[in-house]
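Chain by chain, the residues run as shown.
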Amino acid sequence: IKNRGESIFSGTLITKGSSRFMVETTGNKTRFGQIAETLEGVAPDKTPLQKRLDGLAKFLSIIILTIAAFIIPLGIFQGKEFIPLLLIAVSIGVAAIPEGLPAVVTIALAIGTSKMAKRKAIVRRMQSVETLGAVQVIITDKTGTLTQNVMRVKKFQTLNNDYLAPLLKACVLGNTASIIEKAGEPSSAWDIVGDKTDGALLLFAKEQKQDLESIKKEGAILEEYSFDPQKSTVTTIWQNNLPDGGTKHIFVRGAPGVVLSKSNVSKIEKDKITKIYQGYAKEGLRVIGFATRTSDHHSLHIAREDAEKNLTFLGVVGIYDPPRLEAKKAVIDARRAGIQTIMVTGDNALTAEAIAKEIGLLQKDDDIATGEEIDKMTDEQLQKIILKTRIFARTKPEDKLRLVTILKKMGYVVGVTGDGVNDALALKRADVGLAMGESGTDVAKEASDIVLTDDNFSTVVSAVEEGRTIYNNILKAITYL
């Protein structure tokens, strides 16, 4: 085992290499098993239509019984016989029950399912069509849903001219993406396979230094610590190919504030770096900080905590992911329809704010909160600010579930978009879970009610519009019957 003490979770894909591991848990005790077990425990709520139909059934029952009970004494008072009166009362009771209602509702939902498929929303549970029409709050991701998910490095800044080379190494080493040249197109045209942020860093490195393979061949990766939402960093331990055994280098990239806190910088340098990356964030750029150090650690294994300290800060890179062209109209249409849109993102608050302003999501009196801030709040405190807050930034996956739970407790019908395994519980807990068809995991899709084939927020709004039309058609049919 290369990373002793590190866990490999059920569901992890091994793409190459060889290793040995010890199985510690199986079945429901694995991380996948725990998520699956929790999903089974989330009981589906009744849809708004089901609740209204339950109320209608009770109302009709009371009216029918009242009329039937009134007919018999009235008829006897008029001198009529009891048996014919009883038959009339029973006949009225039977006739008042709209026996064609189940068929009408089913047909209306089926037609709606077909129409929504044409609008790039694949319905997995038919009753969710009607629920979507009643949605009052939509909790949406930012990247790929409100934005194009076409990431490119727009700006970068190194603290020293000599730092560009190690910064480029930090971009390439430990990178999970690949770039493939598009056939039949200019040499500058590339497809990104894998994580879009990592792909943007590879393209940036290629623009600065054409041969990425030469960077990789200069040494070997000894240890890799992948991105952790709790730590907000990616760390790679690399050794160059020198006859004397080479020097170990540690490269760290991640949230600039976090990387900066692990670096040896003076207060003046820290203020300068902070000003730079906050300026980038205000422009709507996703900012990544880079740092490095050499290591004299003789052991083959270096713990993450030991690796990520006493670093030399290299610089920052600003990645721009432009908003979808149709996102602004969709946000405005949702607001006009009485639907509140809440952005939940792992990005920096300043970056999220810039994008939100660009698409018209953030207005004058709206607030922004971070995952760190809401962690300190009780559910009662969060209830007081949740409807005034348009952006929740630097959040963890479990924050989305908490927001959904609180909004539902407040009586709102909630729709949620999600793509990752950790989004599954929020998707399941929501009144309508909307999984991403392009970037979504199978677990997220399985937990959802509707799959968006284009990962687009405007598709959500279009689907809500279709849902409302279907809901109104069903109400008209009920009134007629």
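J.: How do you make sense of the environment of valine 316 when you look at a structure like this?
T.: With respect to the helices and strands, the residue valine 316 is situated in strand S10 (residues 312-320). Considered as a pair, valine 316 and leucine 87 are 229 residues apart in the sequence and their alpha carbons are 84 Å apart. Apart from residues no more than four positions distant in its own chain, valine 316 is found in contact with Phe156, Gln157, Leu167, Pro256, Ile276, Tyr277, Tyr280, Val287, Ile288 and Gly289.

J.: Sorry if this is basic, but what is going on with the sheet that holds strand S13 (residues 389-393) here?
T.: Pairing between sheet strands relies on hydrogen bonds along the backbone, with the strands arranged either parallel or antiparallel. Strand order in the open sheet formed by eight strands is S1-S16-S15-S14-S2-S11-S13-S12, with mixed pairing between adjacent strands. Of all strands in the sheet, those with a lone pairing partner are strand S1 (121-123) and strand S12 (367-370), marking the two edges. Pairs of neighbouring strands in the sheet enclose a mean axial angle of 20 degrees, with direction left out of account. Sheet analysis places S1 next to strand S16 (residues 450-452), joined by three bridges and oriented antiparallel. The partner of isoleucine 122 across the bridge, within S16, is valine 451. On top of the sheet, helix H16 (residues 397-409) reaches strand S2 (137-140), strand S11 (340-344), S13 and strand S14 (414-418); it is set at about 170 degrees to S14, its chief contact.

J.: Whenever I open this one, the pairing of S2 confuses me. Can you help?
T.: One face of the sheet, then the other: side chains in a regular strand alternate in exactly this way. Here S2 shows two buried faces, one formed by Val137 and Ile139 and the other by Ile138 and Thr140. One ladder, built from four bridges, connects S2 with S11; its direction is parallel. Bridge pairing in S11 links threonine 140 to methionine 343.

J.: Teacher, can you tell me more about the packing of aromatic side chains here?
T.: How two aromatic rings sit relative to each other is set out by the distance from centre to centre and by the angle between their planes. Scanning the entire structure with this criterion turns up two aromatic pairs. In this structure, lysine 154 is placed above the aromatic ring of tyrosine 320, and the distance from its NZ or CZ to the ring centre is 4.6 Å.

J.: When you look at the packing of helix H4 (residues 101-118) against helix H19 (residues 457-480) in this model, what are you seeing that I'm missing?
T.: How two helices sit against one another is set out by the angle between their axes and by the gap between those axes. With their axes 10 Å apart at the nearest point, H4 and H19 run at an angle of 160 degrees to one another. One finds that H4 runs roughly antiparallel with respect to H19. Judged by the twist between their axes, the crossing of H4 over H19 is right-handed. Across from Leu101, Val104, Val105, Ala108, Leu109, Gly112, Lys115 and Met116 in H4, the residues of H19 making contact are Ala463, Glu466, Ile470, Ile474, Ala477 and Ile478.

J.: Mind showing me how you'd approach the sheet that holds S10 here?
T.: In space, the six strands of this open sheet follow the order S3-S10-S9-S8-S7-S6, with antiparallel pairing throughout. Each edge of the sheet is formed by a strand with only one pairing partner; in this case those strands are strand S3 (152-158) and strand S6 (219-228). The sheet shows a mean angle of 20 degrees between the axes of neighbouring strands, taken without regard to direction. Against the sheet, helix H7 (residues 196-208) engages S3, strand S8 (248-254), strand S9 (285-295) and S10, with an angle of about 65 degrees to S3.

J.: Help me understand helix H10 (residues 267-282) in this model?
T.: Note that an α-helix has 3.6 residues per turn; residues three or four places apart therefore point the same way. Taking 1.5 Å per residue as the helical rise, H10 with its 16 residues ought to reach 22 Å, and the 22 Å between its terminal C-alpha atoms agrees with that figure. Looking only at H10, the buried set comprises Ile273, Thr274, Tyr277, Tyr280 and Ala281. Around the axis of H10, the buried residues are gathered within 125 degrees of arc, so they sit on the same side. Among the exposed residues of H10, those oriented more than 90 degrees off its buried face are Ile268, Lys275 and Lys282. Next to the buried residues of H10 lie S3, helix H9 (256-261), S9, S10 and helix H13 (349-358). Looking at the residues trailing H10, positive phi occurs at glycine 284, about 85 degrees.

J.: Help me out: how do you make sense of the pairing of S6 in this one?
T.: Bridge analysis of S6 against strand S7 (residues 233-240) gives seven bridges, and the strand direction is antiparallel. Residue pairing in the sheet places glutamate 224 in a bridge with threonine 236 of S7. In this structure, the hairpin formed by S6 and S7 is closed by a connection of four residues, where serine 232 is found at a positive phi of approximately 60 degrees.

J.: Is there a simple way to think about the nonpolar core in this case?
T.: The nonpolar side chains of a soluble globular protein tend to be buried, and buried together. Met116, Leu132, Ile450 and Ile474 are the most contacted members of the largest nonpolar core, which totals 41 residues. Tallying contributions element by element places H19 first for this core, with nine residues. Excluding residues that lie within four positions of it along the chain, leucine 132 makes contacts with Met116, Val432, Leu434, Ile450, Ala463 and Val464. Counting residues in hydrophobic clusters, the runner-up holds 27 residues, among them Met151, Leu173, Ala177 and Leu212.

J.: How should I be thinking about a nonpolar patch on the surface in this particular structure?
T.: A cluster of nonpolar side chains, Ile76, Phe82, Ile83, Leu86, Leu87, Val90 and Val94, forms an exposed patch at the surface whose accessible area comes to about 660 Å². With six residues, the single largest contributor to the nonpolar patch is helix H3 (residues 82-96). The topology assignment puts leucine 86 in helix H3. By relative accessible area, leucine 86 is classed as partly exposed at 34%.

J.: What exactly am I supposed to notice about the pattern of salt bridges here?
T.: Within the structure shown, the criterion is met by 24 salt bridges. Residue glutamate 466 pairs with arginine 119 through a salt bridge whose shortest N-O separation is 3.9 Å. Of this pair, glutamate 466 sits in helix H19 while arginine 119 sits in the loop between H4 and S1, and the two are 347 residues apart along the sequence. One salt bridge in this structure joins lysine 267 and aspartate 271, with 3.0 Å as the shortest N-O distance. Of this pair, lysine 267 and aspartate 271 both sit in helix H10, four residues apart, which is roughly one turn of that helix. Classification of lysine 267 by relative accessible area gives exposed; the value is 63%. A network of salt bridges, in which partner residues are shared, links Arg119, Glu465 and Glu466.

J.: Explanation requested: the side chain of lysine 408 in the structure shown.
T.: Topologically, lysine 408 is positioned in helix H16. Classification of lysine 408 as buried rests on a relative accessible area of 14%. Beyond its immediate chain neighbours, meaning those up to four positions away, lysine 408 contacts Asp45, Val414, Arg429, Ala430 and Asp431.

About the cut-offs
- Residues numbered from 1 in each chain as written.
- Predicted model: local features only at pLDDT ≥ 70, side-chain atom pairs only at ≥ 80, totals over all residues.
- Heavy atoms only, no water.
- Helix = DSSP H or I, 4+ residues; strand = E, 2+ residues; numbered from the N terminus.
- Contact = heavy atoms within 4.5 Å.
- Pairing = 2+ DSSP bridges.
- Axes fitted to C-alpha atoms, helices over the stretch in contact; angles between N-to-C directions.
- Buried < 20%, exposed > 50% of the residue type's maximum accessible area, 1.4 Å probe, protein only.
- Phe/Tyr/Trp six-rings, centres within 6.5 Å; stacked < 30°, edge-to-face > 60°.
- Lys NZ or Arg CZ within 6 Å of the ring centre and 35° of its normal.
- Parallel < 35°, antiparallel > 145°, perpendicular 65-115°, else oblique.
- Left-handed = near helix turned anticlockwise from the far one by under 90°.
- Expected span 1.5 Å × (residues − 1).
- Arc of directions from axis to C-beta.
- Core = buried A, V, L, I, M, F, W, Y, C linked by side-chain atoms within 4.5 Å.
- Patch = residues over 30% accessible without salt bridge, like charges linked within 9 Å, V, L, I, M, F, W, Y side chains within 5 Å.
- Areas by Shrake-Rupley, 256 points an atom, 1.4 Å probe, with all protein chains shown as cover.
- Salt bridge = Lys/Arg side-chain N within 4 Å of Asp/Glu carboxyl O.

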